[in-house]
Amino acid sequence: MSVTQDSNHALPALLGGTPVRKEKIFYGRQWVTEEDVDAVAKVLTGPYLTCGPEVEKLEQKLCSMTGAKYAVAVTNCTSALHLASLTAGLEEGDELITTPLTFMASANCALYCGARPVFADIDPDTYNIDPASIEDHITERTKAVVAVDYTGQAVKLDEIRAICEKHHLILIEDAAHSIGTKYKGQPVGSIADMTCFSFHPVKTVTAGEGGAILTNNEEYYHKLKLLRSHAMESRPEFQIDGPHEGPWVYEQQMLGFNYRMTDIQAALLSSQLQKIDSFIARRKEIVKRYNKVFSAYPEIIIQKEIPESDTSRHLYILRLDLDRLNCTRREFFDAMSAENVQCQIHYVPVYWFPHYQSLGFTKGLCPNAEKVYAGIMSIPLYPRLTDEDVESVITAVTKLITYYRK
Ligand SMILES: *Cc1c(COP(=O)(O)O)cnc(C)c1O
(Lines give C-alpha, C1' and ligand atoms only; values in the text may rest on other atoms or scores of the structure.)
Protein backbone atom coordinates (compact mmCIF):
# COMPACT_ATOMS: atom_id res chain seq x y z
CA MET A 1 0.00 0.00 0.00
CA SER A 2 1.43 3.35 -0.95
CA VAL A 3 1.48 6.06 1.69
CA THR A 4 0.17 9.38 0.51
CA GLN A 5 1.72 12.66 1.59
CA ASP A 6 -1.38 13.39 3.67
CA SER A 7 -1.55 10.16 5.61
CA ASN A 8 2.19 10.42 6.21
CA HIS A 9 1.57 13.79 7.81
CA ALA A 10 -1.28 12.48 9.92
CA LEU A 11 0.83 9.56 11.15
CA PRO A 12 2.80 10.38 14.31
CA ALA A 13 6.53 10.78 13.60
CA LEU A 14 7.03 8.29 16.42
CA LEU A 15 5.38 5.67 14.18
CA GLY A 16 7.20 6.65 10.99
CA GLY A 17 5.26 9.74 9.90
CA THR A 18 6.74 13.13 9.06
CA PRO A 19 7.49 15.39 12.06
CA VAL A 20 5.51 18.65 12.12
CA ARG A 21 8.70 20.69 12.42
CA LYS A 22 12.34 20.26 11.46
CA GLU A 23 14.29 21.64 14.44
CA LYS A 24 13.58 20.71 17.98
CA ILE A 25 12.08 23.29 20.32
CA PHE A 26 12.05 23.04 24.09
CA TYR A 27 9.44 23.95 26.67
CA GLY A 28 11.29 27.05 27.82
CA ARG A 29 14.19 29.25 26.85
CA GLN A 30 15.76 32.53 27.90
CA TRP A 31 16.04 35.57 25.65
CA VAL A 32 19.31 37.44 26.12
CA THR A 33 20.04 40.33 23.74
CA GLU A 34 23.01 42.58 22.90
CA GLU A 35 21.80 45.18 25.43
CA ASP A 36 21.98 42.56 28.15
CA VAL A 37 25.48 41.58 27.07
CA ASP A 38 26.58 45.23 27.08
CA ALA A 39 25.19 45.75 30.59
CA VAL A 40 27.19 42.78 31.85
CA ALA A 41 30.37 43.80 30.01
CA LYS A 42 30.27 47.24 31.65
CA VAL A 43 30.29 45.67 35.11
CA LEU A 44 33.09 43.25 34.27
CA THR A 45 35.58 46.05 33.67
CA GLY A 46 34.33 48.21 36.56
CA PRO A 47 35.42 48.27 40.20
CA TYR A 48 32.76 45.95 41.68
CA LEU A 49 32.13 42.40 40.62
CA THR A 50 30.00 41.28 43.51
CA CYS A 51 27.28 42.70 45.74
CA GLY A 52 27.97 46.33 44.82
CA PRO A 53 25.89 49.12 43.27
CA GLU A 54 24.27 46.88 40.64
CA VAL A 55 22.77 44.64 43.32
CA GLU A 56 21.46 47.71 45.16
CA LYS A 57 19.99 49.10 41.95
CA LEU A 58 18.34 45.77 41.24
CA GLU A 59 16.86 45.56 44.73
CA GLN A 60 15.36 49.04 44.32
CA LYS A 61 13.94 48.05 40.97
CA LEU A 62 12.31 44.93 42.41
CA CYS A 63 10.74 47.08 45.13
CA SER A 64 9.42 49.69 42.73
CA MET A 65 8.06 46.99 40.40
CA THR A 66 6.21 45.12 43.11
CA GLY A 67 5.50 47.76 45.73
CA ALA A 68 7.38 45.73 48.36
CA LYS A 69 9.31 47.79 50.93
CA TYR A 70 12.46 45.65 50.91
CA ALA A 71 14.25 43.27 48.55
CA VAL A 72 17.29 41.08 49.17
CA ALA A 73 18.95 39.61 46.08
CA VAL A 74 20.58 36.21 46.54
CA THR A 75 22.25 33.42 44.56
CA ASN A 76 19.04 31.64 43.53
CA CYS A 77 15.47 30.94 44.65
CA THR A 78 16.59 27.85 46.59
CA SER A 79 18.77 30.01 48.85
CA ALA A 80 15.96 32.60 48.98
CA LEU A 81 13.60 29.92 50.34
CA HIS A 82 16.26 28.74 52.78
CA LEU A 83 16.81 32.25 54.18
CA ALA A 84 13.07 32.95 54.28
CA SER A 85 12.53 29.74 56.26
CA LEU A 86 15.30 30.61 58.72
CA THR A 87 13.94 34.13 59.06
CA ALA A 88 10.51 32.66 59.77
CA GLY A 89 12.24 30.97 62.72
CA LEU A 90 11.87 27.46 61.36
CA GLU A 91 13.87 24.91 63.36
CA GLU A 92 13.96 21.29 64.43
CA GLY A 93 10.55 20.06 65.52
CA ASP A 94 8.68 22.61 63.38
CA GLU A 95 6.52 21.89 60.37
CA LEU A 96 6.17 23.76 57.10
CA ILE A 97 3.16 23.17 54.85
CA THR A 98 3.64 23.22 51.09
CA THR A 99 2.37 21.67 47.85
CA PRO A 100 3.71 18.46 46.30
CA LEU A 101 3.23 19.77 42.73
CA THR A 102 6.35 21.93 42.74
CA PHE A 103 10.06 21.96 42.33
CA MET A 104 11.69 20.17 45.26
CA ALA A 105 13.24 23.43 46.58
CA SER A 106 9.82 24.52 47.95
CA ALA A 107 9.96 21.63 50.45
CA ASN A 108 13.72 21.19 50.85
CA CYS A 109 13.90 24.58 52.60
CA ALA A 110 12.16 22.98 55.58
CA LEU A 111 14.69 20.13 55.65
CA TYR A 112 17.60 22.61 55.54
CA CYS A 113 16.30 24.03 58.83
CA GLY A 114 15.85 20.61 60.42
CA ALA A 115 12.08 21.03 60.15
CA ARG A 116 9.54 18.74 58.50
CA PRO A 117 7.73 19.53 55.26
CA VAL A 118 4.05 18.61 55.26
CA PHE A 119 2.21 18.28 51.96
CA ALA A 120 -1.25 19.74 51.52
CA ASP A 121 -3.15 18.66 48.42
CA ILE A 122 -3.89 20.84 45.40
CA ASP A 123 -7.09 22.20 43.92
CA PRO A 124 -7.88 19.79 41.03
CA ASP A 125 -8.82 22.67 38.69
CA THR A 126 -6.17 25.36 39.26
CA TYR A 127 -3.43 22.93 40.44
CA ASN A 128 -2.47 25.40 43.19
CA ILE A 129 -2.40 24.47 46.87
CA ASP A 130 -5.92 24.13 48.29
CA PRO A 131 -6.46 26.45 51.28
CA ALA A 132 -8.84 23.94 52.90
CA SER A 133 -6.12 21.28 52.73
CA ILE A 134 -3.63 23.68 54.34
CA GLU A 135 -6.03 24.11 57.24
CA ASP A 136 -6.48 20.33 57.53
CA HIS A 137 -2.73 19.87 57.96
CA ILE A 138 -2.08 22.48 60.64
CA THR A 139 -0.78 21.14 63.95
CA GLU A 140 0.70 22.90 66.98
CA ARG A 141 4.09 22.41 65.31
CA THR A 142 3.22 24.24 62.10
CA LYS A 143 5.21 27.46 61.76
CA ALA A 144 5.08 28.44 58.10
CA VAL A 145 3.40 27.87 54.76
CA VAL A 146 5.24 27.90 51.44
CA ALA A 147 2.56 28.61 48.83
CA VAL A 148 3.71 28.14 45.25
CA ASP A 149 2.21 30.18 42.40
CA TYR A 150 2.26 27.17 40.10
CA THR A 151 2.71 28.11 36.41
CA GLY A 152 2.56 31.78 37.49
CA GLN A 153 -1.03 31.84 38.70
CA ALA A 154 -1.36 33.45 42.14
CA VAL A 155 -2.55 31.17 44.92
CA LYS A 156 -5.69 32.20 46.80
CA LEU A 157 -3.75 34.72 48.83
CA ASP A 158 -6.67 36.19 50.80
CA GLU A 159 -7.83 32.78 52.01
CA ILE A 160 -4.31 31.59 52.77
CA ARG A 161 -3.39 34.80 54.58
CA ALA A 162 -6.52 34.54 56.72
CA ILE A 163 -5.59 30.95 57.68
CA CYS A 164 -2.02 32.02 58.49
CA GLU A 165 -3.21 34.92 60.64
CA LYS A 166 -5.66 32.74 62.49
CA HIS A 167 -2.99 30.14 63.32
CA HIS A 168 -0.02 32.55 63.69
CA LEU A 169 1.85 31.11 60.71
CA ILE A 170 4.30 32.91 58.47
CA LEU A 171 3.38 32.94 54.79
CA ILE A 172 6.23 32.49 52.34
CA GLU A 173 5.18 32.77 48.71
CA ASP A 174 7.29 30.74 46.29
CA ALA A 175 6.93 33.06 43.33
CA ALA A 176 9.59 31.39 41.18
CA HIS A 177 7.00 31.28 38.39
CA SER A 178 5.07 34.44 39.04
CA ILE A 179 7.09 37.62 38.82
CA GLY A 180 4.75 40.14 37.17
CA THR A 181 1.56 38.40 38.30
CA LYS A 182 -1.04 40.48 40.14
CA TYR A 183 -3.53 39.28 42.72
CA LYS A 184 -6.62 41.49 42.92
CA GLY A 185 -4.58 44.13 41.15
CA GLN A 186 -1.69 43.97 43.63
CA PRO A 187 1.70 42.74 42.39
CA VAL A 188 3.04 39.46 43.73
CA GLY A 189 5.98 40.36 45.97
CA SER A 190 4.12 42.84 48.15
CA ILE A 191 1.49 40.51 49.63
CA ALA A 192 2.95 37.54 51.55
CA ASP A 193 5.21 37.92 54.62
CA MET A 194 8.11 36.99 52.35
CA THR A 195 8.07 36.34 48.60
CA CYS A 196 10.82 34.42 46.80
CA PHE A 197 11.66 34.91 43.11
CA SER A 198 13.85 32.81 40.81
CA PHE A 199 15.93 34.16 37.96
CA HIS A 200 17.05 30.82 36.54
CA PRO A 201 17.24 30.96 32.71
CA VAL A 202 14.01 29.04 32.28
CA LYS A 203 11.99 31.54 34.37
CA THR A 204 10.42 34.77 33.11
CA VAL A 205 13.58 36.89 33.40
CA THR A 206 17.09 35.67 34.12
CA ALA A 207 20.29 36.54 35.97
CA GLY A 208 21.96 33.31 34.80
CA GLU A 209 21.33 32.10 38.33
CA GLY A 210 19.63 34.35 40.82
CA GLY A 211 16.91 34.85 43.36
CA ALA A 212 15.42 37.45 45.67
CA ILE A 213 13.33 37.71 48.80
CA LEU A 214 10.83 40.55 49.07
CA THR A 215 9.19 41.66 52.28
CA ASN A 216 7.44 44.60 53.93
CA ASN A 217 8.79 43.61 57.35
CA GLU A 218 11.85 45.59 58.44
CA GLU A 219 12.94 43.01 61.00
CA TYR A 220 12.85 40.22 58.40
CA TYR A 221 14.76 42.43 56.00
CA HIS A 222 17.64 42.96 58.42
CA LYS A 223 17.81 39.27 59.26
CA LEU A 224 17.73 38.27 55.59
CA LYS A 225 20.55 40.69 54.80
CA LEU A 226 22.65 39.40 57.66
CA LEU A 227 22.10 35.74 56.76
CA ARG A 228 22.98 36.41 53.11
CA SER A 229 26.53 37.35 53.99
CA HIS A 230 27.82 35.23 56.91
CA ALA A 231 25.77 37.32 59.40
CA MET A 232 28.76 39.64 59.41
CA GLU A 233 28.18 43.08 60.85
CA SER A 234 30.39 46.09 61.24
CA ARG A 235 29.14 48.99 63.34
CA PRO A 236 30.89 51.94 64.98
CA GLU A 237 29.94 50.74 68.47
CA PHE A 238 32.04 47.59 67.95
CA GLN A 239 35.17 49.71 67.72
CA ILE A 240 36.00 50.05 71.37
CA ASP A 241 39.44 51.20 72.35
CA GLY A 242 41.17 47.99 73.34
CA PRO A 243 44.52 46.90 71.94
CA HIS A 244 42.73 44.31 69.78
CA GLU A 245 39.96 46.56 68.50
CA GLY A 246 39.91 49.15 65.77
CA PRO A 247 38.13 50.27 62.63
CA TRP A 248 38.62 46.81 61.08
CA VAL A 249 36.31 45.13 63.58
CA TYR A 250 33.30 43.16 62.45
CA GLU A 251 31.26 40.56 64.24
CA GLN A 252 29.41 37.43 63.29
CA GLN A 253 25.99 37.67 64.88
CA MET A 254 24.64 34.20 64.05
CA LEU A 255 25.33 31.39 61.59
CA GLY A 256 25.08 32.87 58.11
CA PHE A 257 25.94 31.94 54.55
CA ASN A 258 27.47 33.31 51.41
CA TYR A 259 24.33 33.66 49.29
CA ARG A 260 25.35 36.95 47.69
CA MET A 261 24.35 37.77 44.15
CA THR A 262 27.14 39.17 41.98
CA ASP A 263 26.95 42.57 40.29
CA ILE A 264 27.44 40.70 37.01
CA GLN A 265 24.20 38.81 37.54
CA ALA A 266 22.39 41.88 38.85
CA ALA A 267 23.32 43.88 35.75
CA LEU A 268 22.01 41.12 33.50
CA LEU A 269 18.78 40.95 35.45
CA SER A 270 18.23 44.73 35.56
CA SER A 271 18.62 44.78 31.81
CA GLN A 272 16.19 41.86 31.45
CA LEU A 273 13.66 43.58 33.71
CA GLN A 274 13.42 46.48 31.27
CA LYS A 275 11.81 44.04 28.86
CA ILE A 276 9.60 42.16 31.28
CA ASP A 277 6.35 43.79 30.12
CA SER A 278 6.85 42.69 26.53
CA PHE A 279 7.98 39.22 27.67
CA ILE A 280 4.82 38.85 29.73
CA ALA A 281 2.56 40.21 27.00
CA ARG A 282 3.93 37.67 24.52
CA ARG A 283 3.53 34.83 27.02
CA LYS A 284 -0.08 35.82 27.60
CA GLU A 285 -0.73 35.99 23.87
CA ILE A 286 0.61 32.45 23.36
CA VAL A 287 -1.43 31.10 26.28
CA LYS A 288 -4.55 32.68 24.81
CA ARG A 289 -3.88 31.07 21.43
CA TYR A 290 -3.25 27.62 22.95
CA ASN A 291 -6.38 27.86 25.12
CA LYS A 292 -8.52 28.95 22.21
CA VAL A 293 -7.54 25.97 20.07
CA PHE A 294 -7.31 23.34 22.80
CA SER A 295 -10.63 24.17 24.43
CA ALA A 296 -12.32 22.66 21.36
CA TYR A 297 -10.77 19.27 22.19
CA PRO A 298 -12.56 17.28 24.92
CA GLU A 299 -9.40 15.17 25.29
CA ILE A 300 -7.58 18.23 26.66
CA ILE A 301 -8.28 19.65 30.12
CA ILE A 302 -7.59 23.38 30.37
CA GLN A 303 -6.05 24.69 33.60
CA LYS A 304 -8.59 26.93 35.35
CA GLU A 305 -7.71 30.43 36.40
CA ILE A 306 -9.17 32.26 39.35
CA PRO A 307 -10.41 35.73 38.33
CA GLU A 308 -8.31 37.30 41.15
CA SER A 309 -5.08 36.36 39.36
CA ASP A 310 -3.80 38.42 36.46
CA THR A 311 -1.28 35.79 35.51
CA SER A 312 2.15 36.28 34.05
CA ARG A 313 2.37 32.73 32.79
CA HIS A 314 5.61 30.77 33.18
CA LEU A 315 4.40 27.33 32.05
CA TYR A 316 1.66 26.07 29.80
CA ILE A 317 0.32 22.78 31.11
CA LEU A 318 -1.12 20.47 28.50
CA ARG A 319 -3.29 18.09 30.50
CA LEU A 320 -4.61 15.01 28.75
CA ASP A 321 -7.85 13.28 29.62
CA LEU A 322 -6.30 9.83 29.26
CA ASP A 323 -9.71 8.10 29.51
CA ARG A 324 -10.45 9.52 26.08
CA LEU A 325 -7.15 8.51 24.47
CA ASN A 326 -5.65 5.26 23.26
CA CYS A 327 -2.20 6.10 24.56
CA THR A 328 -0.36 6.64 27.80
CA ARG A 329 1.06 10.02 28.86
CA ARG A 330 4.50 8.53 28.21
CA GLU A 331 3.55 7.62 24.62
CA PHE A 332 2.14 11.09 24.01
CA PHE A 333 5.27 12.69 25.48
CA ASP A 334 7.54 10.54 23.29
CA ALA A 335 5.33 11.24 20.28
CA MET A 336 5.67 15.01 20.93
CA SER A 337 9.48 14.60 21.05
CA ALA A 338 9.38 12.75 17.74
CA GLU A 339 7.44 15.72 16.28
CA ASN A 340 10.41 17.81 17.51
CA VAL A 341 8.49 19.46 20.33
CA GLN A 342 10.39 18.65 23.49
CA CYS A 343 8.06 18.84 26.49
CA GLN A 344 8.87 18.52 30.19
CA ILE A 345 6.83 17.42 33.18
CA HIS A 346 6.22 19.89 36.02
CA TYR A 347 6.35 18.15 38.44
CA VAL A 348 6.83 14.69 39.87
CA PRO A 349 5.14 14.98 43.31
CA VAL A 350 8.00 15.91 45.62
CA TYR A 351 7.29 13.20 48.20
CA TRP A 352 7.73 10.49 45.53
CA PHE A 353 11.49 11.09 45.45
CA PRO A 354 13.66 8.49 47.17
CA HIS A 355 14.94 11.02 49.70
CA TYR A 356 11.39 11.80 50.80
CA GLN A 357 10.46 8.13 50.81
CA SER A 358 13.42 7.55 53.13
CA LEU A 359 11.92 10.17 55.45
CA GLY A 360 8.72 8.16 55.67
CA PHE A 361 6.53 9.80 53.02
CA THR A 362 4.47 7.36 50.98
CA LYS A 363 2.78 7.51 47.60
CA GLY A 364 -0.93 8.23 47.68
CA LEU A 365 -0.55 11.12 50.14
CA CYS A 366 -2.09 13.80 47.88
CA PRO A 367 -4.53 12.16 45.45
CA ASN A 368 -5.38 15.34 43.53
CA ALA A 369 -1.73 16.13 42.86
CA GLU A 370 -1.04 12.56 41.77
CA LYS A 371 -4.02 12.53 39.46
CA VAL A 372 -3.00 15.81 37.81
CA TYR A 373 0.64 14.69 37.56
CA ALA A 374 -0.43 11.55 35.65
CA GLY A 375 -1.83 13.51 32.69
CA ILE A 376 0.35 16.61 32.30
CA MET A 377 3.22 17.91 30.26
CA SER A 378 4.55 21.42 29.71
CA ILE A 379 4.57 22.49 26.07
CA PRO A 380 6.75 25.33 24.74
CA LEU A 381 6.00 28.74 26.23
CA TYR A 382 8.52 31.57 26.03
CA PRO A 383 8.50 35.02 24.46
CA ARG A 384 10.93 34.27 21.68
CA LEU A 385 8.60 31.70 20.09
CA THR A 386 7.50 32.88 16.67
CA ASP A 387 3.90 32.53 15.48
CA GLU A 388 5.08 29.67 13.26
CA ASP A 389 6.62 27.93 16.26
CA VAL A 390 3.37 28.29 18.18
CA GLU A 391 1.34 26.93 15.26
CA SER A 392 3.71 23.98 14.91
CA VAL A 393 3.22 23.11 18.57
CA ILE A 394 -0.54 23.30 18.08
CA THR A 395 -0.29 21.11 14.98
CA ALA A 396 1.75 18.53 16.88
CA VAL A 397 -0.75 18.42 19.74
CA THR A 398 -3.88 18.28 17.58
CA LYS A 399 -2.32 15.73 15.22
CA LEU A 400 -1.55 13.41 18.13
CA ILE A 401 -4.91 13.98 19.82
CA THR A 402 -6.67 13.16 16.55
CA TYR A 403 -4.56 10.07 16.03
CA TYR A 404 -4.85 8.69 19.56
CA ARG A 405 -8.47 9.64 20.37
CA LYS A 406 -10.82 6.76 21.16
C1 LIG B 1 12.82 27.07 39.79
C2 LIG B 1 12.08 26.92 41.04
C3 LIG B 1 12.70 27.03 42.30
C4 LIG B 1 14.19 27.10 42.47
O5 LIG B 1 14.75 28.18 41.82
P6 LIG B 1 16.33 28.27 41.64
O7 LIG B 1 16.52 29.73 41.34
O8 LIG B 1 16.69 27.39 40.50
O9 LIG B 1 16.97 27.86 42.90
C10 LIG B 1 11.91 27.01 43.42
N11 LIG B 1 10.58 26.84 43.34
C12 LIG B 1 9.95 26.69 42.16
C13 LIG B 1 8.48 26.53 42.14
C14 LIG B 1 10.68 26.71 40.98
O15 LIG B 1 10.07 26.53 39.81
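Remember, predicted model here, so these are calculated numbers, not experimental data.

Caption draft 1: Local environment of the site of the ligand. Near the ligand there are 15 residues, and of these T78, D174, H177, S198 and K203 occur at the shortest range. The side chain of T78 places a nitrogen or oxygen atom 2.5 Å from an oxygen atom of the ligand. Within the contact set of the ligand, an oxygen atom lies 3.0 Å away from a side-chain nitrogen or oxygen of K203. Put simply, the parts of the chain that give the shell around the ligand at least two residues each are α4 (77–87) and α5 (105–112). Residue composition of the shell around the ligand, grouped by class: six nonpolar, seven polar and two charged.

Caption draft 2: Fine view of the packing of aromatic side chains. Throughout the structure, instances matching the rule amount to 16 aromatic pairs. Their ring planes at 50° and their centres at 6.4 Å tell us that F103 and Y347 sit as a pair that is tilted. Of this pair, F103 sits in the loop between β3 (95–98) and α5 while Y347 is found in the loop between β16 (341–342) and α12 (354–358), placing the two residues 244 residues apart along the sequence. Looking at F103, the relative accessible area reads 44%, which means it is partly exposed. When its relative accessible area of 10% is taken as the criterion, Y347 is described as buried. Pairing Y403 with Y404 gives two aromatic rings, centres 5.1 Å apart and planes at 90°, and the pair type is edge-to-face. The ring of W352 has K363 lying over it, and the distance from NZ or CZ to the ring centre is 4.3 Å.

Caption draft 3: The arrangement of the sheet that holds strand β14 (residues 309–310) in detail. Overall, antiparallel pairing links the three strands, which are arranged β8-β7-β14 in an open sheet. The two strands at the open ends of the sheet, each matched to only one other strand, are β8 (186–187) and β14. The pairing of strand β7 (residues 182–183) with β14 spans two bridges and is classified as antiparallel. The residue of β14 that forms the bridge with Y183 is S309.

Caption draft 4: Region of the structure containing a nonpolar patch on the surface. Together, L14, L15 and Y403 line one region of the surface with nonpolar side chains, adding up to about 270 Å² of accessible area. Among the structural elements, L15 can be located in the loop between α1 (5–10) and β1 (25–26).

Caption draft 5: Up close: unusual backbone geometry. Looking along the chain, the bond that leaves H346 and enters Y347 is cis, with omega of 10°. Even without a glycine there, the phi angle at T151 is positive, about 65°. With respect to the secondary-structure elements, T151 resides in the loop between β5 (142–148) and α7 (157–167). The backbone of N340 shows a phi angle near 75°, a positive value even though the residue is not glycine. The residue N340 is located in the loop between α11 (329–338) and β16 in this model.

Caption draft 6: Geometry of the sheet that holds β5. Read across the sheet, seven strands follow the order β2-β10-β9-β6-β5-β3-β4 without closing on themselves; strand pairing throughout is mixed. If you trace the sheet from one side to the other, it starts and ends with β2 (70–74) and β4 (116–119), each paired once. On average, each strand axis in the sheet is tilted by 20° relative to the strand beside it, whichever way the strands run. The strands touched by α7 are β5 and β6 (170–174); relative to β6, the strand with the most contacts, the crossing angle is about 150°.

Thresholds, definitions, all that
- Residues numbered from 1 in each chain as written.
- Predicted model: local features only at pLDDT ≥ 70, side-chain atom pairs only at ≥ 80, totals over all residues.
- Heavy atoms only, no water.
- Near = heavy atom within 4 Å.
- Polar contact = N/O pair within 3.5 Å; in protein donor to acceptor, adjacent residues only side chain to side chain.
- Helix = DSSP H or I, 4+ residues; strand = E, 2+ residues; numbered from the N terminus.
- Nonpolar A, V, L, I, M, F, W, Y, C, P; charged D, E, K, R; others polar.
- Phe/Tyr/Trp six-rings, centres within 6.5 Å; stacked < 30°, edge-to-face > 60°.
- Buried < 20%, exposed > 50% of the residue type's maximum accessible area, 1.4 Å probe, protein only.
- Lys NZ or Arg CZ within 6 Å of the ring centre and 35° of its normal.
- Pairing = 2+ DSSP bridges.
- Patch = residues over 30% accessible without salt bridge, like charges linked within 9 Å, V, L, I, M, F, W, Y side chains within 5 Å.
- Areas by Shrake-Rupley, 256 points an atom, 1.4 Å probe, with all protein chains shown as cover.
- Salt bridge = Lys/Arg side-chain N within 4 Å of Asp/Glu carboxyl O.
- Axes fitted to C-alpha atoms, helices over the stretch in contact; angles between N-to-C directions.
- Contact = heavy atoms within 4.5 Å.

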